[in-house]
Amino acid sequence: MGSPVFLIGGGWDRAEVYEPFLRQVRGARRVGCLIVDEGDGAAQFERYAGVLSKAGPACVPVPLLVPLGGRFEPEAALDGIDGLLVCGGLTPAYQEALAECLKRLPELLAGRGLPYAGFSAGAAVAARRAVVGGWLVDGVPVCPEETGEDLAEVEVRAGLGLVPFAVDVHAAQWGTLARLVAVVGRRQAPYGVAVDEDTLLGVRDGEARVSGAGRVHVVRPAPDGGVTVRAYGAGEGFALR
């Protein structure tokens, strides 16, 4: 983990959630906003550009739109970029857009010293084992159907490996903590974090720290085959393992 990583659980109300990420952006402060374009990519970019402009320190948002079903080419896209924000949307589509650069993108970020921020879907795909959606485990509901991301059974796919744990988002608002509990309980990921909206988990130098309005729920496997859950609030943190 050569570059700092910032995971945002969703929500739009608190621009200051982006501040820890923006403080790590150097140079001309050009922030690439990777968006899988489902037809409204330009409008979505303006929404992110607006919240970034309110957050400070001042930056220059740059649209990096990938058409639905397309592939992200990081070498060309990151030319002249000083920080990368992978935005929200349909999480399986983001995983597919990044599927051919799961190794190359982290290497480029580390080599150029570029910070990474993931918002919602962008946070989920930062994991080595990415929870991309679904609401059923062996046909049994574990979270609301509308949180399934167009998937039925819960799916865990290869991610970027920027953090060692699985990530779920909109935890308190969408009830997705139970999905992450199921993933860790089935040992599909070594452990996981579920991030509330308007909440950020910053990861750097083997440590994770929470900021923002909500909480981060850490799910770890227990020796008896179950799991343990501990919630952390703003100013609190934990060591990676």
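What you see as residue numbers is a count from 1 along each chain, following the sequence as written. Reporting in this predicted model follows two pLDDT cut-offs: at least 70 for local features of residues, and 80 or more for side-chain atom pairs to be given and counted; totals over whole chains, interfaces and linings ignore these cut-offs and use all residues. Only hydrogens and water are set aside; all other atoms, that is, all heavy atoms of the structure, feed into the side-chain values.

By the naming in an unreviewed UniProt entry, the protein chain goes by Cyanophycinase and is assigned to Streptomyces rubradiris.

### Things to note about the side chain of His170
Applicable threshold: The numbering of helices and of strands both runs from the N terminus, where a helix is a DSSP run of H or I of at least 4 residues and a strand a run of E of at least 2. For the exposure calls, accessible area comes from a 1.4 Å probe over protein chains only, and a residue counts as buried if that area is under 20% of its type's maximum, exposed if over 50%, partly exposed in between. In protein, a polar contact requires one atom able to donate a hydrogen and another able to accept it; more generally it is a pair of N or O atoms within 3.5 Å, and residues adjacent in sequence count only if both atoms are side-chain atoms. Throughout, a residue-residue contact means that at least one pair of heavy atoms, one from each residue, lies within 4.5 Å.
Assignment of secondary structure puts His170 in the loop between strand E10 (166–169) and helix H7 (171–174). Residue classification places His170 among the buried positions, given a relative accessible area of 6%. Here the side chain of His170 touches Ser120 through a polar contact of 2.8 Å, side chain to side chain. Ignoring sequence-local partners within four residues, the contact set of His170 consists of Gly9, Gly10, Gly11, Ser120, Gly175, Thr176, Val195 and Glu197.

### Here's the deal with the sheet that holds E10
Keep this limit in mind: Between any two strands, pairing holds if DSSP finds at least two bridges. The angle between two axes is taken between their N-to-C directions and runs from 0 to 180 degrees, where each axis is a line fitted to C-alpha atoms and a helix contributes only its stretch in contact.
Strands sit in the order E10-E11-E14-E15 across an open sheet of four strands; the sheet is mixed. On the outer flanks of this sheet lie E10 and strand E15 (227–232), each paired with one strand and no other. Neighbour to neighbour, the strand axes of the sheet diverge by 20 degrees on average, direction disregarded. For strand E14 (residues 216–221) and E15, the ladder comprises six bridges, and the chain directions are antiparallel. Its bridge partner lying in E15, Val219 is registered against Val229. Contacting E10, strand E11 (192–195), E14 and E15, helix H8 (residues 177–185) runs over the sheet at an angle of about 20 degrees to E14.

### Looking at the packing of aromatic side chains
For clarity, the threshold we go by: Between 30 and 60 degrees the pair is tilted, below 30 it is stacked and above 60 it is edge-to-face, where a pair is any two Phe, Tyr or Trp rings, Trp via its six-membered ring, whose centres lie within 6.5 Å.
Evaluated as defined, the whole model comprises six aromatic pairs. Ring centres of Trp12 and Tyr48 lie 4.7 Å apart, and the angle between their planes is 55 degrees; on these two criteria the pair is classed as tilted. Within this pair, whereas Trp12 is found in the loop between strand E1 (5–8) and helix H1 (19–22), its partner Tyr48 is found in helix H2 (residues 41–55), the two being separated by 36 residues in sequence. The exposure class assigned to Trp12 is partly exposed, which follows from its relative accessible area of 26%. By relative accessible area, Tyr48 is classed as buried at 1%. With 5.1 Å between their ring centres and 40 degrees between their planes, Tyr232 and Phe238 make a pair best called tilted.

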